[in-house]
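# Examination of the molecular architecture
This is what each chain is made of:
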Amino acid sequence: MTGNLAHLTLAFGLLGNIVSFMVFLAPIPTFYKVYKKKSTEGFQSAPYVVGLFSAMLWIYYAMLKTNVLLLITINSFGIVIETVYIVFFLFYAPKKARMESLKLIILLIFVGFGLIVVLTQFLASGVTRGVIVGWICLVFSLCVFVAPLGVLRQVIKTKSVEYMPILLSVALTLSAVMWFFYGLLLHDFNIAVPNVLGFTFGIIQIILYFMYKNKKPVIDEKISKLEVKITEMEEQKVPGLTDQKSIDVVKLEALLNTEVLPVVTKNPHNFDHVAVEAQALGNMPSHTIKVGA
């Protein structure tokens, strides 16, 4: 019986490594898009910085235990790949996003992880140190699994799944299942408990993806409505312009139908000089012009 449990534990640990390996590789399409556009656009570095911090934390916890070698293998790979992602992000990110990412890296990786290691090394010993670090891993993992709530809210609000890749959601869900059974079989609830929440949120993400994947984003709908409104306003302006043009045409026709006739006047100082002025008159059947002697 014990042998069967050991084999099951190893099997779930290996499956957890394989699926987690897929999870770590899931952002590659995202970074390929960033590379093609030479811009990070709406993507953020926080998930990758948090992923790096999590991998470092779990390796530290695994080093304090004696039977969780598979945690070390996958999280060692995680540290490498998350570091690559972060460097790639910093290279293509605009200045503001780059500075925010560097602040987060300093806060989590150097200050946060550094304090955890120093404090647990000096203020705790033996089994107590492992328990404390285990609880830290548990709480942090719960926070990580709760983090997608912001993404879920954005998806529901905008009806867009652009920034919630389905491959990542599926991989995270499968990973949560594998690591849950791995922790359960090891009787390590620091590993098992957070993955219950991870599985739950993973299923919710998948459901939302299939609900909104074919729907038009709210932003696009607003733009379409704005375009329609502008078109209607232009159409309302056109009749006014047409009426104005009609009035101008009538005036022009009136001018064309008006006869320009000469009016001859005498110059009081020179009777031999005749001045001719143009005078516009309406249509008349005949005209009589008198010239003084």
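Just so it is clear, the structure is predicted and the values come from calculations on it, not from any experiment.

### Examining the overall build of the chain
Scanning the chain for helices and strands turns up 10 helices and two strands. For the chain, the share of sequence-separated contacts (at least 6 apart) that also reach a separation of at least 24 residues comes to 70%. Accessible surface, the chain as shown: approximately 18,800 Å² in total, 69% of it carbon and sulfur.

### Observations regarding the confidence of the model for the chain
Per-residue confidence for the chain gives a mean pLDDT of 77, with 72% of residues at or over 70. Model confidence for the chain, summarised as mean pLDDT per element, is weakest for strand β2 (residues 270–281) at 44 and strongest for helix α4 (residues 69–92) at 93. Scored below 50 in pLDDT, residues 259–293 makes 35 contacts in the model with residues more than four places away or belonging to other chains.

### Some points on the packing of aromatic side chains
A full pass over the atoms with the stated rule returns 17 aromatic pairs. Plain terms: the ring middles of F53 and F113 are 6.5 Å apart, the flat faces sit at 90° to each other, and that makes the pair edge-to-face. Taken together, the residues F53 in helix α3 (residues 46–64) and F113 in helix α5 (residues 95–123) connect sequence positions 60 residues apart. The pair F53 / F113 is uniform in exposure class, with both members buried. Measuring from centroid to centroid gives 4.9 Å for F91 and Y92, while their planes differ by 85°, and the two rings are edge-to-face. With relative accessibility at 61%, the residue F91 sits in the exposed group. Over the aromatic face of Y35 sits the side chain of K38, whose NZ or CZ is 3.9 Å from the ring centroid.

### Notes on the nonpolar core
Ranked by internal contacts, the top residues of the largest apolar core, which has 38 residues, are F53, L57, V68, L71, I86, I109 and Y182. Here this core takes 10 residues from α3, the largest share from any one element. If we ignore the near neighbours within four places in the chain, the residues touching I109 are V49, L52, F53, M56, L104 and G114. Within the second largest apolar cluster, 10 residues are counted, among which are L152, V161, M164 and Y212.

### Overview of the environment of Y182
Position of Y182 among the secondary structure elements: in helix α8 (residues 166–186). Among the residues examined, Y182 registers a relative accessible area of 2% and is labelled buried. Through-space distance from the C-alpha of Y182 to that of F12 is 5.4 Å; in sequence the pair is 170 residues apart. With residues up to four places along the chain from it excluded, the contact list for Y182 reads T9, F12, G13, N67, V68, L70 and I191.

### Observations concerning the side chain of N195
Positionally, N195 belongs in helix α9 (residues 189–212). Here N195 falls in the buried class, since its relative accessible area comes to 9%. Side-chain polar atoms of N195 contact the backbone oxygen of I191, separated by 2.5 Å.

### Regarding unusual backbone geometry
The backbone of K38 sits at a positive phi, close to 55°, despite the residue not being glycine. With respect to the helices and strands, K38 occurs in the loop between α2 (28–37) and α3. A positive phi angle, near 60°, is found at H187, a position not held by glycine. As for its placement among the helices and strands, H187 is situated in the loop between α8 and α9.

### Comments concerning α3
The first and last C-alpha atoms of α3 sit 27 Å apart over 19 residues, in line with the 27 Å expected at 1.5 Å per residue. Among the 19 residues that make up α3, 14 are buried, leaving the element largely enclosed by the rest of the structure.

### Looking at the pattern of salt bridges
Applying the stated rule across the entire model yields one salt bridge. We note a salt bridge from D188 to K65, for which the minimum N-O separation is 3.9 Å. Of this pair, D188 sits in the loop between α8 and α9 while K65 sits in the loop between α3 and α4, and the two are 123 residues apart along the sequence.

### So, the environment of S169
Its location among the elements puts S169 in helix α8. The spacing of S169 and A26 is 143 residues in sequence and 9.3 Å in space, taken between C-alpha atoms. Residue contacts for S169: discarding those within four places in its chain leaves M164, Q205 and I206.

### Quick notes on the packing of α3 against α5
The contact between α3 and α5 brings their axes to 10 Å, and the two run at 15°. In terms of axis orientation, α3 runs roughly parallel to α5. Regarding α3 and α5, the two cross each other, and that crossing is right-handed. Residue-level contacts link A46, V49, V50, L52, F53, M56, L57 and Y60 of α3 to L104, I105, L108, I109, G112, F113, I116, V117, T120 and Q121 of α5. Its residues placed into classes, the contact of α3 with α5 shows 15 nonpolar, three polar and no charged.

Parameters at a glance
- Residues numbered from 1 in each chain as written.
- Predicted model: local features only at pLDDT ≥ 70, side-chain atom pairs only at ≥ 80, totals over all residues.
- Heavy atoms only, no water.
- Helix = DSSP H or I, 4+ residues; strand = E, 2+ residues; numbered from the N terminus.
- Contact = heavy atoms within 4.5 Å.
- Areas by Shrake-Rupley, 256 points an atom, 1.4 Å probe, with all protein chains shown as cover.
- pLDDT = per-residue confidence, 0-100.
- Phe/Tyr/Trp six-rings, centres within 6.5 Å; stacked < 30°, edge-to-face > 60°.
- Buried < 20%, exposed > 50% of the residue type's maximum accessible area, 1.4 Å probe, protein only.
- Lys NZ or Arg CZ within 6 Å of the ring centre and 35° of its normal.
- Core = buried A, V, L, I, M, F, W, Y, C linked by side-chain atoms within 4.5 Å.
- Polar contact = N/O pair within 3.5 Å; in protein donor to acceptor, adjacent residues only side chain to side chain.
- Expected span 1.5 Å × (residues − 1).
- Salt bridge = Lys/Arg side-chain N within 4 Å of Asp/Glu carboxyl O.
- Axes fitted to C-alpha atoms, helices over the stretch in contact; angles between N-to-C directions.
- Parallel < 35°, antiparallel > 145°, perpendicular 65-115°, else oblique.
- Left-handed = near helix turned anticlockwise from the far one by under 90°.
- Nonpolar A, V, L, I, M, F, W, Y, C, P; charged D, E, K, R; others polar.

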